[in-house]
Protein chains: 2
Amino acid sequence: MRMSMLFSPTLKEAPKEAEVPSHRLLIRGGYIRKLAAGIYSFLPLGNKTLRKIENIVREEMERSGASEVLMPVVQPAELWQESGRWEFYGPELLRLKDRKGGDFVLGPTHEEVITNMVRHEIRSYRDLPRNLFQIQTKYRDEIRPRAGLLRGREFIMKDAYSFDISEDAAHLSYQAMYDAYNRIFERCGLEFRAVEADSGAIGGDLSQEFHVLAETGEDSIVSCSACSYTANVEKAEIRIEPALEDASGLGSLENVPTPGKHSVEDVAAFLEVQPSDLLKTLIFDSDQGPLVAIVPGDREANPIKVKSAAGLEWFEMASDETVQAVTSAPVGFAGPVGLKARVLVDVHIQEARAYVTGANLGDTHSVNVVPGRDFMIEERADLTLAGEGDPCGKCGSPFGFYRGIEVGHVFYLGTKYSVPMGATFIDSEGKEKPMEMGCYGIGVTRTMAAAVEQNHDEYGITWPMSIAPYELTVLALGNDEELMSQAESYVQALEAEGIEVLFDDRKERPGIKFKDADLTGIPFQLVIGKRGLESGELELKNRKTGEKSALPMDSVVASIAALIREERALFAPKALK
Amino acid sequence: MRMSMLFSPTLKEAPKEAEVPSHRLLIRGGYIRKLAAGIYSFLPLGNKTLRKIENIVREEMERSGASEVLMPVVQPAELWQESGRWEFYGPELLRLKDRKGGDFVLGPTHEEVITNMVRHEIRSYRDLPRNLFQIQTKYRDEIRPRAGLLRGREFIMKDAYSFDISEDAAHLSYQAMYDAYNRIFERCGLEFRAVEADSGAIGGDLSQEFHVLAETGEDSIVSCSACSYTANVEKAEIRIEPALEDASGLGSLENVPTPGKHSVEDVAAFLEVQPSDLLKTLIFDSDQGPLVAIVPGDREANPIKVKSAAGLEWFEMASDETVQAVTSAPVGFAGPVGLKARVLVDVHIQEARAYVTGANLGDTHSVNVVPGRDFMIEERADLTLAGEGDPCGKCGSPFGFYRGIEVGHVFYLGTKYSVPMGATFIDSEGKEKPMEMGCYGIGVTRTMAAAVEQNHDEYGITWPMSIAPYELTVLALGNDEELMSQAESYVQALEAEGIEVLFDDRKERPGIKFKDADLTGIPFQLVIGKRGLESGELELKNRKTGEKSALPMDSVVASIAALIREERALFAPKALK
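Overview of the structure. These figures come from a predicted structure and were not determined experimentally. (Residues numbered from 1 in each chain as written. Chains lettered and ligands numbered in written order. Predicted model: local features only at pLDDT ≥ 70, side-chain atom pairs only at ≥ 80, totals over all residues. Heavy atoms only, no water.)

### Some points on the overall build of chain A
Then comes step 1: When helices and strands are counted, chain A shows 14 helices and 31 strands.
Then comes step 2: In terms of overall dimensions, chain A has C-alpha extents of about 90 × 70 × 50 Å along its principal axes.
Then comes step 3: Out of the 577 residues belonging to chain A, those deemed buried represent 56%.
Then comes step 4: A separation threshold of at least 6 residues defines the contact pool for chain A, and within that pool the share at least 24 residues apart is 69%.
Then comes step 5: In the structure as shown, chain A presents an accessible area of about 24,100 Å², 49% of it carried by carbon and sulfur atoms.
Then comes step 6: Each charge class in chain A can be summarised by its mean position, and for the 64 positive and 90 negative side chains these summaries are 6 Å apart. (Helix = DSSP H or I, 4+ residues; strand = E, 2+ residues; numbered from the N terminus. Buried < 20%, exposed > 50% of the residue type's maximum accessible area, 1.4 Å probe, protein only. Contact = heavy atoms within 4.5 Å. Areas by Shrake-Rupley, 256 points an atom, 1.4 Å probe, with all protein chains shown as cover. Lys, Arg positive; Asp, Glu negative; His and termini not counted. Charge placed at Lys NZ, Arg CZ, Asp CG, Glu CD.)

### Regarding the relation of the copies chain A and chain B
Here the two chain copies are tied together by a rotation about an axis and a shift along that axis.
Then comes step 1: Least-squares fitting of chain A to chain B yields an RMSD of 0.2 Å, with the superposition described by an axial translation of 0.0 Å and a rotation of 180 degrees. Overall, the copies show the geometry of a two-fold rotation axis. Distance from the rotation axis, computed per C-alpha, reaches its smallest value in chain A at Leu-96 of chain A: 2.9 Å.
Then comes step 2: When you check the interface residues of chain A against chain B, 100% turn up at the interface there too, and the contact is symmetric in its surfaces. (Least-squares fit on C-alpha atoms with pLDDT ≥ 70 in both.)

### As for the packing of aromatic side chains
Then comes step 1: Counted according to the given criterion, the structure contains 22 aromatic pairs over all chains.
Then comes step 2: Ring centres of Tyr-178 of chain B and Phe-210 of chain B lie 5.6 Å apart, and the angle between their planes is 50 degrees; this geometry places the pair in the tilted category. Taken as a pair, Tyr-178 of chain B in helix α6 (residues 167-187) and Phe-210 of chain B in strand β10 (residues 207-213) lie far apart in primary sequence, 32 residues in all. Each member of the pair, Tyr-178 of chain B together with Phe-210 of chain B, is buried.
Then comes step 3: Both rings, one in Phe-192 of chain B and one in Phe-210 of chain B, keep their centres 6.2 Å apart while their planes meet at 35 degrees; by these two values the pair is tilted. Taken together, the positions of Phe-192 of chain B in strand β9 (residues 192-196) and Phe-210 of chain B in strand β10 put the pair 18 residues apart, joining distant regions of the chain.
Then comes step 4: Note on Phe-210 of chain B: relative accessible area 0%, which makes it buried.
Then comes step 5: We note Arg-193 of chain A situated over the ring of Tyr-402 of chain A; from NZ or CZ to the ring centre the distance is 4.8 Å. (Phe/Tyr/Trp six-rings, centres within 6.5 Å; stacked < 30°, edge-to-face > 60°. Lys NZ or Arg CZ within 6 Å of the ring centre and 35° of its normal.)

### Details of the sheet that holds strand β28 (residues 501-504) of chain B
What links the strands of a sheet is backbone hydrogen bonding, and the strands pair in either a parallel or an antiparallel sense.
Residue and element names in this part refer to chain B.
Then comes step 1: Taking strand neighbours across the sheet as the criterion, the five strands line up as β28-β27-β29-β30-β31 in an open arrangement whose pairing is mixed. Either end of the sheet is taken by a strand with one partner, and the two such strands are β28 and β31 (548-552). Pairwise comparison of adjacent strand axes, ignoring direction, gives a mean angle of 25 degrees for this sheet.
Then comes step 2: Of the strand pairs in this sheet, strand β30 (residues 537-542) and β31 are connected by five bridges, and their pairing is antiparallel. Bridging from a neighbouring strand, Glu-537 pairs with Pro-552 of β31.
Then comes step 3: Each of β27 (472-476), β28, β29 (524-528) and β30 is contacted by helix α13 (residues 510-520), which is oriented at about 170 degrees to β27, the strand it contacts most. (Pairing = 2+ DSSP bridges. Axes fitted to C-alpha atoms, helices over the stretch in contact; angles between N-to-C directions.)

### A short note on the interface of chain A and chain B
Then comes step 1: In this assembly, 61 residues from chain A lie in contact with 61 residues from chain B.
Then comes step 2: Buried surface at the junction of chain A and chain B, summed over both partners, amounts to about 5,100 Å²; 59% is from carbon and sulfur atoms.
Then comes step 3: On the chain A side of the interface with chain B, the three residues burying the most area are Phe-7, Leu-70 and Arg-99 of chain A, jointly 15% of the side's total.
Then comes step 4: Between Lys-48 of chain B and Glu-62 of chain A there is a salt bridge, with its nearest N and O atoms 3.5 Å apart. (Buried area = accessible area lost by both parts, 1.4 Å probe. Salt bridge = Lys/Arg side-chain N within 4 Å of Asp/Glu carboxyl O.)

### Looking at the pairing of strand β18 (residues 355-358) of chain B
Residue and element names in this part refer to chain B.
Then comes step 1: As defined by bridge partners, β18 adjoins strand β19 (residues 364-369) across three bridges and the pair is classed as antiparallel. Looking across to β19, one finds that Tyr-355 is bridged to Val-369.
Then comes step 2: The antiparallel hairpin formed by β18 and β19 contains five residues in its connecting segment, where Asn-360 sits at a positive phi of about 55 degrees.

### What to know about the packing of helix α1 (residues 21-28) of chain A against helix α10 (residues 444-454) of chain A
Residue and element names in this part refer to chain A.
Then comes step 1: Contact geometry for α1 and α10: axes closest at 8 Å, N-to-C directions at 105 degrees. In terms of axis orientation, α1 runs roughly perpendicular to α10. Facing α1, whose interface residues are Pro-21, Ser-22, His-23, Leu-25 and Leu-26, α10 presents Met-448, Ala-449, Val-452 and Glu-453.
Then comes step 2: Across the contact of α1 with α10, the residue classes tally to six nonpolar, two polar and one charged. (Parallel < 35°, antiparallel > 145°, perpendicular 65-115°, else oblique. Nonpolar A, V, L, I, M, F, W, Y, C, P; charged D, E, K, R; others polar.)

### Thoughts on the sheet that holds strand β6 (residues 103-106) of chain A
Residues and elements named next belong to chain A.
Then comes step 1: On the basis of which strands lie adjacent, the open sheet formed by three strands has the order β4-β6-β5 and antiparallel pairing. Edge strands, defined here as strands with exactly one partner in the open sheet, are β4 (74-76) and β5 (95-97). Along the sheet, successive strands turn relative to each other by an average axial angle of 40 degrees, direction set aside.
Then comes step 2: Summarising the sheet, β5 and β6 pair through three bridges and their orientation is antiparallel. In the sheet register, Lys-97 faces β6, and the bridge partner there is Asp-103.

### Remarks on helix α11 (residues 444-454) of chain B
Then comes step 1: In terms of burial, α11 of chain B is a largely internal element, 10 of the 11 residues being buried.
Then comes step 2: The set of residues buried in α11 of chain B consists of Val-444, Thr-445, Arg-446, Thr-447, Met-448, Ala-449, Ala-450, Ala-451, Val-452 and Glu-453 of chain B.

### Quick look at the packing of helix α2 (residues 44-63) of chain B against α6 of chain B
Residue and element names in this part refer to chain B.
Then comes step 1: In contact at an axis separation of 9 Å, α2 and α6 are set at 150 degrees when each is read in the N-to-C sense. One finds that α2 runs roughly antiparallel with respect to α6. Considering only the axes of α2 and α6, their crossing is right-handed. Here α2 contributes Ile-56, Val-57, Glu-59, Glu-60, Met-61 and Arg-63 to the contact with α6, which in turn contributes Met-177, Ala-180, Tyr-181, Arg-183, Ile-184 and Arg-187. (Left-handed = near helix turned anticlockwise from the far one by under 90°.)

### Points about the pattern of salt bridges
Then comes step 1: The final tally for this structure, using the stated rule, is 79 salt bridges over all chains.
Then comes step 2: Taking the shortest distance from any N to any O, the salt bridge between Arg-51 of chain A and Glu-54 of chain A comes out at 3.3 Å. Pair noted here: Arg-51 of chain A and Glu-54 of chain A are both in helix α2 (residues 44-63), with a separation of three residues, about one helical turn.
Then comes step 3: Here Arg-153 of chain B makes a salt bridge to Asp-98 of chain A, at a shortest N to O gap of 2.8 Å. Taken as a pair, Arg-153 of chain B in the loop between β7 (130-139) and β8 (154-164) and Asp-98 of chain A in the loop between β5 and β6 lie in two separate chains rather than in one.
Then comes step 4: Of the residues examined, Arg-153 of chain B reaches a relative accessible area of 4% and is grouped as buried.

### As for the environment of Leu-250 of chain A
Residue and element names in this part refer to chain A.
Then comes step 1: Here Leu-250 lies in the loop between β12 (230-232) and β13 (254-257).
Then comes step 2: By relative accessible area, Leu-250 is classed as partly exposed at 29%.
Then comes step 3: Taking the C-alpha atoms as reference points, Leu-250 and Pro-510, separated by 260 residues in sequence, lie 73 Å from one another.
Then comes step 4: Residues in contact with Leu-250, not counting those within four places in the same chain, are Ala-352, Arg-353, Ala-354, Val-370 and Arg-373.

### Quick look at unusual backbone geometry
Residue and element names in this part refer to chain A.
Then comes step 1: In this model, Leu-128 is joined to Pro-129 through a cis peptide bond whose omega is 0 degrees.
Then comes step 2: Relative to the helices and strands, Pro-129 is located in the loop between α5 (111-121) and β7 (130-139).
Then comes step 3: Phi at Ser-228 is positive, roughly 70 degrees, even though this residue is not glycine.
Then comes step 4: Positionally, Ser-228 belongs in the loop between β11 (219-224) and β12.
Then comes step 5: You can call Ser-228 exposed: its relative accessible area is 56%.
Then comes step 6: The phi torsion at Ser-328 lies on the positive side, around 55 degrees, for a residue other than glycine.
Then comes step 7: Within the secondary structure layout, Ser-328 lies in the loop between α9 (320-327) and β17 (342-346).

Here it is as structure tokens:
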């Protein structure tokens, strides 16, 4: 492809609103352009990368036994009313009326449409299992679209839906998708983790998110290298190891004045201790009355875990009234001793150790507060966000900490849609049963952005080969006809080897060509200039490593072809399990 | 692919509303399902055919030098206001509001979005020409969606847009698209015609429609086999050949009573002449006053041609008042003699021939009315729909008549969008100029339906190989394990040859398998049953021709592979001009 024919305008500066690297670099590199908030056009380079991701997704979905379908963007409201989501989905569901006043939505997802399709066609256990997927444009009316493709309104998803005769069979379908997702992100050349996800009220632990690891990721993940248990910090189970040591050598509780010291940092500094030597006493109102959570001073309480550990329907920070009733003290000096409420103590708090806590007295803290001696531990629970070094809930080995971007989700749905929508089948004994469903999504446009978040440097993008728009870019330095025609003949020879070549034949200065090549991030750069042609050696640069090699002119095509075939092999389909 | 894993439910009966063959057969064959009026889901077989058409389109568009992009479905209203189409597009443009009350549309086409994109990025003649295309979901809120995919609301289009520095350059871009479209429809295996289209006020004759020929087509086309001039019957130019023969041997005009005879058929039967011996006298009111069109009794006047020949802004059937003023007679007996109005005489009317006409008297017709003798011919014009046998307007050879379905349109736009939207460039002399644009559409889903309209018989679809969902279907007759495993090994061997095989491994009776295979229309059917296996020969059927051949078992894979490669070659990319 000649760059002079391509529409790939590069920019020196990204628009101000572009804060994250993928947003900045995809715009600067001429991959995408904004049409409206959260709505982007894909320019030729962007479209090429999209197609490559789509093809990997399609190939691995088909290998898993799923069949591709294509469902409409515009969906009738009746189906959403039937499933109950017309009411519950909220304003992210874009509702619209056609010219006859009929209610429709722009599909943010397709559970209703697929369930409707399947219930009309599948009647017998003999027609199950089925797994149907599509790759298609979706719309979610985000209130604050941001970060370019990472949180857009119009986006492309691969969504798949499985239908089974039983929960066991559904678990097999789920596993096949889990395996396919691993193959997909491996072939995209991305470092990723499958993360235990909160599956809410629906069922079991059959819900996992796939996260591309990137420093800029919004999600915090811990992962155990020993047993490979990986979870969001909000969900990760930490091993509960009660330390029942002897507290007899510790001094007795003592109150010290700490006027004007409120924050953990201020108190710790004032008393010359570490934040981890303090305990925080958090008081909530809940559907079960007042509740107290005690956590170490250096850790954040995790609302999801608190709610789940205490078995609450709802809770919120306590009112002043509650605080005063529970602590018998003014607001702001709560401590764990002598509380009139149910108390949960975080697993990180040791029993045979002295802590600093609030004294339940104005401008005062207590020192030498020993849990189990100075206050009873009636309920221990995992109440804080997991962090680096915490003991893995499955095996006790220390967690590693990562930041991630969610690009995929596999979810066992059970009968959530099949029951209200009447998607049933007749089983082998003649009984009517609801189908067991699963749903499985991959954000295709999001994966493109996440790939950039993970693969970039100060100069631009560093695509993995399998999803780069081209495999090699040939930079012709200088505009004289002879050089151009020599460059052209190299391009033709390389293309004849089946290599995807972007030929920078623009009438631009070498500096601009080098900069644009680094910015767009095509994996290999071949430089063809007068100096090289005279010396008999051409320079090949590996964009990611920066490594440069001088290749003899007579073997340059063969060398590059070999190199690219080798690189491609890394991302080729792997044998199925 | 195992049919037992595929989701392809066939139906014995199509829904009542499905009147045209493609609608009936695509539903019955398990290719599509309706979600709402004019909105369809594509099941796995339908999706496969879609992808095949898309791939042919993509390949030939890229070969023509165009680059693929992807623009959003949801478009901001401002751009449509800028182009003026927000006001003028009418209710087919589905307007909607996002959660913040912003005005948007569901894109029925993308001139505004692409012009907006290009005007911000292209500034110099050095960056032109460019041709950008996309394959994407569009929406037109048809008032009466019908005929399945032929006139749906949500559909897939390939749309392309070219940008050039001058009209001459734009014509080259247009020609490249015209050539690409010919290659595309040839490779789809379709019989089609490129048809001169009415380009309205925009410019010249640079507008052509591509029609797939089918008896069920909505459009009527004439095509000259001598010079290949092809046009819609409403637009086709017919050669004007005034026949200035001697009328001296003809009898004189005579009035005969024709009580109660009004229609051409009734009068012709009553007077024992042919409809072609009558003249119809049609009277209109127009912006230029009363207007009369005289056309042969066996031909329909064509409003488009009448309007254009007379140079009218508007016209409609005359009021009774006008008729009486023009004919000096009651309504219903108009004839060409002695009229008080401007009169246009159709080119088919001969000057030295006696006709039957209205007599401008109640219940009376005139016979022996000779044009040029009994009434003056002041203006001759082409006023009727072209038909079979009419002389071609370019070369005079007789037209052939066809019915067609419009599947593509190439259009020279000029500066229609670039001027109002300010898409300009700086030319080589430093002057700012508007870009010259063209737009080029292919209805991808429509092409799928049109292919079925052209390729079907009483049993089902007869796909051309290049767009069939699979190339071969293998029917295993009987359910015993040994037969199944033998069939399976043939399927594997055929797939190993790179053939796309649909394996009917369902536990169904042979009759159902045969019927479904004919219905879905995969080009070749290989039957594997006990009888064949015992006799040492397997039966291969060509779906389209019905031809059956018995292939020796030991060479069956090689024979089929050779046959399919041969068939594929017919649809392979052809060398570019």
